[in-house]
Amino acid sequence: MKALSYLIFTQIKNRILSLKKKPALLIFYIIIFLFVIGSIVTLLFFGKAQESKPNADDRVLFLFICGFGLLYLYTFIVSGLSTGSSLFSMADVGLLFVAPISNKKILFYGLISTIGKTIFASIFIIYQIPNLKKSFDYSTIEVLGLFFIYIVMIVFCQIFSIGIYLFSNGNQARKNLVKTLLYGFFGVLAFSVYMIIQDRQVDILEAAKILVDSKWFGYAPVAGWSIMFFKGLLEGTVMQIAISLILFIGFSVLIISLLTAHDADYYEDVLYSTEKTFQMQKDYKEGRNLSGTVNRKIKIKDNENGIGKGKGASVFAYKHMLEMKRVSRFVFIDSATVFFAAGAAIAGHYIKEDVYGYIVLSVLVYLQFFTTVLGRLKIELIKPFIYLVPESSFKKLIAASFTSLIKPCIDGFIIFGAFALTGGASLPQCFLMALAYSSTGAVFVGLTIVYQRVLGGQPSKILQALISMILFIAIFTPSIAATVLVSILILPDSLKFLTLLPFVIVNYICAFIIFYSCRNLLDNTEYSEGMSLPVR
Amino acid sequence: MLVVSNVTKKYGKLVANDNVTFTAEGGEVSLLLGPNGAGKTTLIKCISGLLRFTGSIEICGYGNKTLQAKRYFGYIPEVPALYDMLTVWEHLEFIARAYSLENWEGRADQLLERFELDDKKKKLGRELSKGMQQKLSICCGILSEPKVILFDEPMVGLDPHAIKELKNLIVEQKQAGNAVLISTHMLDSVADFWDSTNIMMDGKIVDRRKRREMEAAGENLEDVFFRITKREND
């Protein structure tokens, strides 16, 4: 065990020491630490400020626990059916698995490091202490209990995923059985909610609350066990806490026993998922899993093998269209377009007030940010070709941005067309929302360019995130300010549907200014391969 | 053909290339040798116009960031950077269209055949092994018939057949009067055809040698490299 404890402590020590060379990261950790301390102080010293729980409905929190539990259960079972989960890194595979150390000890090491990482990643719950206090007036023990069961939930799901992989790997019949049980379980939950609605004449939310609060739901894997634990804590019922922990620990021990049975040769079982995880991380660093790529197998026919059009810079635009065609046969209209349009149509059916229409737009713009900023232009900027092709920087920028500029226009009109069709807003307002969506797309393309201009070659990730945030706010401030001012000061009520017009105009002006002022970007910026180190 | 004058590249306080000056003539294979972290890849990227630097770099008489210079050089990166959703053939078509090449198809076919990729024309970039990606990357870099060719560790990941073909290709480029600059650790792989060498340490060129001078003095590349890098370390 000496080597393993050495490994754990040395890694922690070196991680802390490395902060000396990364002051921005150090500041970030200090801020997190202060937040955690602040939250705990709030909990300890202001814990009894309110005598009763104001309007508290514990079932709301049960719903959240249930949501996380079901999400993790589904995700990890699906992962277990394909690759399994991994408690190890590639360095462990290369250095530990081949070392003369007991396999069981190595498994224990994997569990300990996973729990450590999970605790660190789960620290956000501590931030919620003031909210939990304000809404539910929970005590220190109760909040820490919530933190504890969240960690137990994740660690268990990882072990469970390995168990599923062990059970089903290479056996289609068993895979089908697991899938049937999984979907059957979700089906039973949905049917139960439906029955409660019918039986008690309540809405869907209330029915869900009744379900998660019911006694039998406590025996539902992961989500139910977690709720049972937390309810036991709230009600002071030791039996409930004990049953919940027995279920979590019992199943974990069972899976680990299976894993370490006989000669404990589990390496092969975790190797694939470890390699898969490593590859995903590598792909992310190299920008290979940015939006616009798919994992499914694509077969190319003879008559489909070729770009076919474009000369000089314009070939970037045609290449992007070919790549998009490989993802979706309708080129600009992909599954995201259909998904968002369906969501907008459903929202339009239930939402009839203007303000909610703007909320729908805001949510879509938020999602658009990620698909655009991590889109095709970004892929182009982390490959050398765009810098090497003998064409002017401006032409190459326009060509490489072309599809990213057109897609939001097409998406906007489809999505808000669907919103208008189901009566979410008036036709003129939906038209302006579509324009607004197109204009934010142009601004996000502009942001990608500004990020490259300002952050190209900037190795500090924290500084990158900070500058990105400032740029984002700076670029959207004029259009939002113009919208607010014009709608409050100028527009009469009869023309309120034009509220978004200043937003659209200012966004396009901003995008144009960015494009024009960064037209020489490719001559002046630094090429960096994904997130690799700049010096070799 | 390639003139690098007083090139300095800094990352914050770290000086990756320190006042580097050298030339690579047409009809010559020049080497950039040096231990890990010497600054070879950074220098190649500066020459390719991918990084900002101070100093000047001229390719066939043009500043390295001008469109004219870009037409004259080819760059084969150490890590192949291909498009996941383009096939092998489409990569070459893309280069041909981007560089506005005419009658390129025959040459593309020849290159694919030489590197045994002719049966992989319909394979997507993401479906290729590391070695195949490297071969395709070489084909892309050569297709535009550059006058100055920059190779960054070109032999890494290649199978013996591809290494042999690449060596032949380098010799052909040299015979055609083109300038070839190769950054490498693998001294054996370039021992047959190099003409001049630049040995780098800590971002500087610490020694420059011509092959004929070295041979006249009865030295060989490996001995000189180890002697110089050891001396610099001491």
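Notes on the structure follow. (Residues numbered from 1 in each chain as written. Chains lettered and ligands numbered in written order. Predicted model: local features only at pLDDT ≥ 70, side-chain atom pairs only at ≥ 80, totals over all residues. Heavy atoms only, no water.)

### A short note on the nonpolar core
- Residues Phe416(A), Leu2(B), Ile47(B) and Phe151(B) are the most contacted members of the largest nonpolar core, which totals 135 residues.
- Of all the elements, helix H20 (residues 427-455) of chain A adds the most residues to this core, at 14 residues.
- Here Phe151(B) is in contact with Ile44(B), Ile76(B), Ile138(B), Ile142(B), Leu166(B), Ile170(B), Val180(B), Leu181(B), Ile182(B) and Ser183(B), once residues within four sequence places are set aside. (Core = buried A, V, L, I, M, F, W, Y, C linked by side-chain atoms within 4.5 Å. Buried < 20%, exposed > 50% of the residue type's maximum accessible area, 1.4 Å probe, protein only. Helix = DSSP H or I, 4+ residues; strand = E, 2+ residues; numbered from the N terminus. Contact = heavy atoms within 4.5 Å.)

### Remarks on the packing of helix H3 (residues 88-98) of chain B against helix H5 (residues 130-143) of chain B
Residues and elements named next belong to chain B.
- Across the interface, H3 lies against H5 with an axial gap of 9 Å and an inter-helix angle of 25°. By the angle class used here, H3 and H5 are roughly parallel. By crossing handedness, the relation of H3 to H5 is classed as right-handed. Contact with H3, carried on its side by Val88, His91, Leu92, Ile95 and Ala96, involves Leu136, Cys139, Cys140 and Leu143 of H5 and no other residues of that element.
- Tallied by class, residues from the contact of H3 with H5 come to eight nonpolar, one polar and no charged. (Axes fitted to C-alpha atoms, helices over the stretch in contact; angles between N-to-C directions. Parallel < 35°, antiparallel > 145°, perpendicular 65-115°, else oblique. Left-handed = near helix turned anticlockwise from the far one by under 90°. Nonpolar A, V, L, I, M, F, W, Y, C, P; charged D, E, K, R; others polar.)

### Description of the pattern of salt bridges
- Across all of its chains, the model carries 23 salt bridges over all chains by this definition.
- Across the salt bridge formed by Glu165(B) and Arg114(B), the nearest N and O atoms sit 2.7 Å from each other. Linking Glu165(B) in helix H6 (residues 160-175) with Arg114(B) in helix H4 (residues 105-114), this pair joins segments that are 51 residues apart in sequence.
- Look at Glu165(B) and you get buried, because its relative accessible area is 16%.
- Among the residues examined, Arg114(B) registers a relative accessible area of 22% and is labelled partly exposed.
- Taken together, the salt bridges that share partners define one network made up of Lys319(A), Glu323(A), Arg376(A) and Glu380(A). (Salt bridge = Lys/Arg side-chain N within 4 Å of Asp/Glu carboxyl O.)

### Considerations on the sheet that holds strand E6 (residues 73-76) of chain B
Residue and element names in this part refer to chain B.
- Taken together, the six strands give an open sheet; going across it, the order is E6-E7-E8-E3-E9-E10, and neighbouring strands pair in mixed fashion. Looking at which strands have only one partner, the edges of the open sheet turn out to be E6 and strand E10 (204-210). In this sheet, neighbouring strand axes are inclined to one another by 15° on average, regardless of whether the strands run parallel or antiparallel.
- Here four bridges tie strand E3 (residues 29-33) to strand E9 (residues 196-201), and the two strands are oriented parallel to one another. Looking at E9, one finds that Leu32 is bridged to Asn198. (Pairing = 2+ DSSP bridges.)

### Notes on the pairing of strand E7 (residues 148-152) of chain B
All names here are of chain B.
- With five of five residues buried, E7 lies mostly within the body of the structure.
- Both faces of E7 are covered, namely the face carrying Val148, Leu150 and Asp152 and the face carrying Ile149 and Phe151.
- Sheet topology note: the E6/E7 ladder contains four bridges and is parallel. Following the sheet pairing, Ile76 is matched in E7 by Phe151.
- Running through H6, the crossover from E7 to the neighbouring parallel element strand E8 (residues 179-184) is right-handed. (Right-handed = clockwise from strand over helix to strand, strands pointing away.)

### Some points on the side chain of Ser30(B)
All names here are of chain B.
- Inspection of the secondary structure assignment puts Ser30 in strand E3.
- Side chain to side chain, Ser30 and Ser196 meet in a polar contact 3.1 Å long.
- The contact partners of Ser30, leaving out residues within four places of it in the chain, are Thr23, Ala24, Val180, Leu181, Ile182, Ser196 and Asn198. (Polar contact = N/O pair within 3.5 Å; in protein donor to acceptor, adjacent residues only side chain to side chain.)

### Examining the interface of chain A and chain B
- Taken together, the contact pairs 47 residues of chain A with 45 residues of chain B.
- Where chain A abuts chain B, roughly 4,300 Å² becomes buried across the two surfaces, and 53% of that area is made up of carbon and sulfur atoms.
- In this structure, the connection of chain A to chain B is made through two salt bridges.
- When the shortest N-O distance is used, the salt bridge between Lys311(A) and Glu102(B) registers 3.5 Å.
- At the surface where chain A touches chain B, the tally comes to 16 residue pairs in polar contact (both at pLDDT 80 or more).
- Secondary structure elements with two or more residues in the side of chain A that touches chain B: helix H14 (315-327), helix H18 (385-388) and helix H23 (521-524) of chain A. (Buried area = accessible area lost by both parts, 1.4 Å probe.)

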